[in-house]
Amino acid sequence: MGDEGEPAPSVGDNVTFENTYMQTPGEFGEGYKFMRGPVQKVLSDTIKERLQGTTYDPLKSAQIAKELADTVKERVKNLGYERYKLVVQVTVGEKTGQALRLASRCLWDTATDNFASDFYENSSVFCVGMVFGLYYE
Amino acid sequence: AAARRHTLRRARPRFRVRTMPLADDDGLISGLTEEQLITNEEMDGLVKEAIEQTVGTNAFMHTKVNQWTSNVVEGCLKRLAGLQKPFKYVCTCNFVQKAGAGMHTASTALWDGKVDGKHTVQWENQTIQCICTVYWLAI
């Protein structure tokens, strides 16, 4: 006696998801935990690629900062951290011998959340990029 | 039956109306009640207080900046933890000496727009400019 099985759900059905009972990203399997190494590499490569050889332009820099943030977010998303919420912050500025200090602190779960940051400078422009990955249960 | 007159309709409403996020079937917004959500005004007061308490009217001092940034960020986090809401927080603080240099900060995020958000506070005095951003993400 065999069961016929339920028909596959189609678009428009009210689908309810069952519990996976997995509480940490590690339980889902390899590669689900936010790894700082690959993210750092993506971040520094993107910034270098975009800013290498450029000079500070007051009109364009606002646009450059926004595009950088978007590009970094897309690339980190493509790395495949599905259970993570991402926050990307990029600061681009002109070098005129002024002092600058950027600090960040977070209130999160140290076992599952992490961040990556990178600093790039050339003769006229500097850039600081930070990517935070926070696990979403 | 009378034929229906075809009229051109605007695809989007004329004015943008800001409303609170609509609750799901069980009355919760992405799993949180309305009181648990965080508003920008709340954050604004909190962050400004933290900055003023640390820096106040001091001039930019190279030796003290490290201490100031740590204090501002930790002060912010302590106050945020005191709110006792189910969120994770990220707090960034940027101190710049006023030297006529241009600076741009941009940020993007992958989050749940109904419950998560960010708030940036720009504070300055004679010699210092401070940009402090707080992100809150629901658990």
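Please refer to the structure higher up on the page.
Undergrad: Which residues make up the interface of chain A and chain B, and what values go with them?
TA: Interfaces are frequently sized by the accessible area removed from exposure as the parts join. Facing 43 residues of chain A, the contacting portion of chain B comprises 40 residues. Interface area for chain A against chain B, summed over the two sides, is near 3400 Å², with a carbon-plus-sulfur share of 58%. Along the contact surface separating chain A from chain B lie three salt bridges. Here Lys85(A) ties to Asp116(B) by a salt bridge, and the two come within 2.7 Å at their closest N and O atoms. For the side of chain A that touches chain B, the secondary-structure elements that each account for two or more residues are helix H3 (61–78), strand S1 (84–94), strand S2 (100–107) and strand S4 (125–135) of chain A. Among the elements that take part in the side of chain A that touches chain B, S1(A) stands out by supplying eleven residues, more than any other. Here the residues of the side of chain A that touches chain B sort into 24 nonpolar, eight polar and eleven charged. Of the strand pairs in this sheet, S2(A) and strand S1 (residues 87–97) of chain B are connected by eight bridges, and their pairing is antiparallel. The residue of S1(B) that forms the bridge with Ser104(A) is Thr92(B).

Undergrad: Describe the nonpolar core, listing the residues and the values that go with them.
TA: Residue and element names in this part refer to chain B. Ile51, Tyr89, Phe95 and Cys132 are the most contacted members of the largest nonpolar core, which totals 34 residues. Broken down by secondary-structure element, the contributors of at least two residues to this core are helix H1 (40–54), helix H2 (62–82), S1, strand S3 (117–124) and strand S4 (128–138). The greatest single-element share of this core, amounting to seven residues, is contributed by H2. In this structure Cys132 touches Val47, Ile51, Val72, Cys76, Cys91, Thr92, Cys93, His119, Thr120 and Val121, once residues within four positions along its chain are discounted.

The rules we used
- Residues numbered from 1 in each chain as written.
- Chains lettered and ligands numbered in written order.
- Predicted model: local features only at pLDDT ≥ 70, side-chain atom pairs only at ≥ 80, totals over all residues.
- Heavy atoms only, no water.
- Contact = heavy atoms within 4.5 Å.
- Buried area = accessible area lost by both parts, 1.4 Å probe.
- Salt bridge = Lys/Arg side-chain N within 4 Å of Asp/Glu carboxyl O.
- Helix = DSSP H or I, 4+ residues; strand = E, 2+ residues; numbered from the N terminus.
- Nonpolar A, V, L, I, M, F, W, Y, C, P; charged D, E, K, R; others polar.
- Pairing = 2+ DSSP bridges.
- Core = buried A, V, L, I, M, F, W, Y, C linked by side-chain atoms within 4.5 Å.
- Buried < 20%, exposed > 50% of the residue type's maximum accessible area, 1.4 Å probe, protein only.

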